[in-house]
Amino acid sequence: MTRDTIGRRTNPATDTDDIDIVVLGSEHLSLTRADLDALSNVTRECTVTCASGERTTATWTGVPIPDLLACVTDPAATTHLRLLSDDGYCACVGIVSAVDALVAVVRDGEELATVERYGTRVVGPDIDGERSVKGVARIETVALGADQVPDELETLSLDDPRYG
Ligand SMILES: Nc1nc2c(c(=O)[nH]1)N[C@H]1C(S)=C(S)[C@@H](COP(=O)(O)O)O[C@H]1N2
Ligand SMILES: [Mo]
């Protein structure tokens, strides 16, 4: 598989069962776990810090978000990314804070899917804890004007017990 063919399914509508994550830029990419593994993986230590002060530091392995965006030809006007979870949670992060972020699938050497109720996670040194989305299923590039507030694109349902 190459960057040009990865995730480009001829019939995404009938082939959704295996899809772990969708990335939307100028094109639409549906990635399975095998696709994620075929992209270059990196391992980085990151600390997830909650607004309450609680912190978790771990070593995360996954695909750098810039590499995923490169696969969909990230539109030049992108200012933010919307990170949507399969639990309905949705965070919006500035593109600059996504530069060092990953879609992780492994934490401290263990598959997330085997130790958590979710299999994917956004982590990065500049991603606040509440925007470190668990079970990330979709990444959308967005271009916000100076008068648009990113918070309006978010649904941070912090009291939702499913993944929170
Ligand atoms: N999908 C989803 N992701 C989520 C949340 C959530 O409720 N749903 N809670 C967030 C908040 S507020 C924090 S602080 C971190 C907590 O991550 P941890 O449980 O790994 O410490 O996950 C974030 N990611
Ligand atoms: Mo939090």
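Let me sum up the structure you'll find in this document. (Residues numbered from 1 in each chain as written. Chains lettered and ligands numbered in written order. Predicted model: local features only at pLDDT ≥ 70, side-chain atom pairs only at ≥ 80, totals over all residues. Heavy atoms only, no water.)

Of all hydrophobic cores here, the largest spans 28 residues; its most connected members are L31, I65, L68, L81, L83, V136 and I139. Going through the elements one at a time, β1 (19-24), β2 (28-32), α2 (65-71), β5 (80-85), β6 (90-94), β7 (102-107) and β10 (136-142) are the ones with two or more residues in this core. For this core, the element with the most residues is α2, which contributes four residues. If sequence neighbours within four positions are ignored, L81 has contacts with I65, L69, A91, C92, V93, I95, A98, I139, E140, T141 and V142. Counting residues in hydrophobic clusters, the runner-up holds 10 residues, among them V48, A58, W60 and A104. (Core = buried A, V, L, I, M, F, W, Y, C linked by side-chain atoms within 4.5 Å. Buried < 20%, exposed > 50% of the residue type's maximum accessible area, 1.4 Å probe, protein only. Helix = DSSP H or I, 4+ residues; strand = E, 2+ residues; numbered from the N terminus. Contact = heavy atoms within 4.5 Å.)

This paragraph deals with the site of ligand 1. In the vicinity of ligand 1 there are 14 residues, among which T56, R121, S132, K134 and G164 approach most closely. Between ligand 1 and D87 there is a distance of 3.1 Å, counted from a nitrogen atom to a side-chain nitrogen or oxygen. Protein contacts shield 86% of the accessible area of ligand 1, which totals 530 Å² for the unbound molecule. (Near = heavy atom within 4 Å. Polar contact = N/O pair within 3.5 Å; in protein donor to acceptor, adjacent residues only side chain to side chain. Areas by Shrake-Rupley, 256 points an atom, 1.4 Å probe, with all protein chains shown as cover.)

What follows is about the pairing of β7. Burial within β7 is extensive, with six of its six residues counted as buried. Inspection of the sheet shows strand β4 (residues 55-64) paired to β7 by five bridges, in the antiparallel sense. Bridge pairing links W60 to R107 in β7. Taken together, the three bridges between β7 and strand β9 (residues 121-123) define a ladder with antiparallel strand orientation. Paired with L102 across the two strands is V123, which belongs to β9. Bridge analysis of β7 against strand β8 (residues 110-111) gives two bridges, and the strand direction is antiparallel. Bridging from a neighbouring strand, R107 pairs with E110 of β8. (Pairing = 2+ DSSP bridges.)

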